[in-house]
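So you can see what is in the structure, the chains are spelled out below.
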Amino acid sequence: MKARVIEIKRFAVHDGDGIRTTLFLKGCPLACVWCHNPEGIGSAPQLAYMADKCIGCGSCVSGCPSGAHSVKDGLHIFEREKCIGCGKCEEECPVNALKFYGREMSVEELLPLLTEDREFYENSGGGVTLSGGECLCHPDFCAELLARLKEQGIHTAVDTCGAVSREAIDKVMPYTDVFLYDVKAIDGEIHKKCTGRDNALILENLKYIDGCGKQIEVRYPYVPDYNSGEAEKIGEFLSGLKNLTAVRVLAYHKYAGSKYSSLDMENKLPERMPTEEEVEEARNIIRKYGIKVI
Ligand code: SF4
Ligand code: SF4
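These numbers were taken from a predicted model, which means no experiment stands behind them.

Looking now at the site of ligand 1. Taken together, 14 residues lie around ligand 1, and C64, C83, C86, G87 and C89 are the ones closest in. Class assignment for the residues of the shell around ligand 1 results in nine nonpolar, four polar and one charged.

Listed below in structure tokens is the structure:
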């Protein structure tokens, strides 16, 4: 069984407890206006081209089976519409101006990479986190991978937006130690405006996971003028959960703009970033409900 991988991040410290390795898989059912991982939205492979790094050497030209790269008068031209997403050119570039997202990898290929740092996991209380995009767009793959990690005694976390089927959650539940769960808004209309989708399923799934007795850490991405007014409702909703360990309020930043241009994707990132005072106020509102905020 295979899935399309965006990235494997070693020594991650924000994707659950301790030192972790995070596997990012491609494809997501939401389209958050503030998304800082645009390479995770689509399920198809994508090549990012960073024009500012390119030195026009032409090393990528001959290896491309579809003629998507050419060099004219010392200038490199990338014709995205010709790219078939094979990933061959990435390694040819001497200055990392090309980055391929979506290489298909099997559970067998991933296991040695994900368990390489197990000594660090053991010493720090860390483990492996599956993320995305939305990793649960690949429920069978995730279940198999998580089961194999648990066989080796590795702590597992699933980072999810929750906009997935109950069946997908049930598949990974037995092999998941903690869910890292996004709550972007409680108000359905606000959620739809921010992500393109209603949140009824997301909130139901959150209550379901809680009811199953699984540990949950909630992430609230705080974005001014979008969902910044939701802290009170989020605190109130989460106060009804029994297995919530903490809420992480994530201050929005707009530094992903260059990723959008490297992928020729429309950049709709909100302009305004929150002040530290605004984020702290949101944290304090949630703390009022007796919830640990990190
Ligand atoms: S990913 Fe493959 S098809 Fe696309 S530009 Fe690179 S070599 Fe060509
Ligand atoms: S190999 Fe890299 S630096 Fe050379 S032309 Fe291609 S993209 Fe530019």
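Past the structure itself, the notes keep going.
On to the site of ligand 2, then. Lining the immediate environment of ligand 2, one finds C54, I55, G56, C57, G58, S59, C60, H76, C93, P94, V95 and L98. Class assignment for the residues of the shell around ligand 2 results in eight nonpolar, four polar and no charged.

Here we take up unusual backbone geometry. Cis geometry marks the peptide bond from G132 to G133; its omega dihedral reads 20 degrees. When you line up the elements, G133 lands in the loop between β8 (127–132) and α3 (139–151). Look at N96: it is not a glycine, yet its phi comes out positive at around 55 degrees. By the secondary structure assignment, N96 is in the loop between β5 (75–78) and β6 (98–101). The exposure class of N96 is exposed, given its relative accessible area of 51%. Of note, D264 is a non-glycine position whose phi angle comes to about 55 degrees, a positive value.

Moving on, we come to the pairing of strand β3 (residues 46–49). Side chains Q46 and A48 of β3 all project onto a buried face; the interleaved residues L47 and Y49 project onto the opposite face, where all are buried too. One ladder, built from four bridges, connects β3 with β6; its direction is antiparallel. Bridging across to β6, A48 finds its partner in K99.

Listing the buried residues of helix α5 (residues 188–195) in full gives G188, H191, C194 and T195. Buried residues in α5, looked at end-on, bunch into an arc of 130 degrees, giving them a common side. Turned more than 90 degrees off the buried face of α5, the exposed positions are E189 and K193. Where α5 is buried, its residues meet α6 (200–211). The distance from a side-chain oxygen at the start of α5 to the backbone nitrogen of E189 is 2.9 Å, and the residue carrying that oxygen is D187. Two residues or fewer past α5, G196 is found with a positive phi of approximately 90 degrees.

Thresholds applied
Residues numbered from 1 in each chain as written. Chains lettered and ligands numbered in written order. Predicted model: local features only at pLDDT ≥ 70, side-chain atom pairs only at ≥ 80, totals over all residues. Heavy atoms only, no water. Near = heavy atom within 4 Å. Nonpolar A, V, L, I, M, F, W, Y, C, P; charged D, E, K, R; others polar. Helix = DSSP H or I, 4+ residues; strand = E, 2+ residues; numbered from the N terminus. Buried < 20%, exposed > 50% of the residue type's maximum accessible area, 1.4 Å probe, protein only. Pairing = 2+ DSSP bridges. Arc of directions from axis to C-beta. Contact = heavy atoms within 4.5 Å. Polar contact = N/O pair within 3.5 Å; in protein donor to acceptor, adjacent residues only side chain to side chain.

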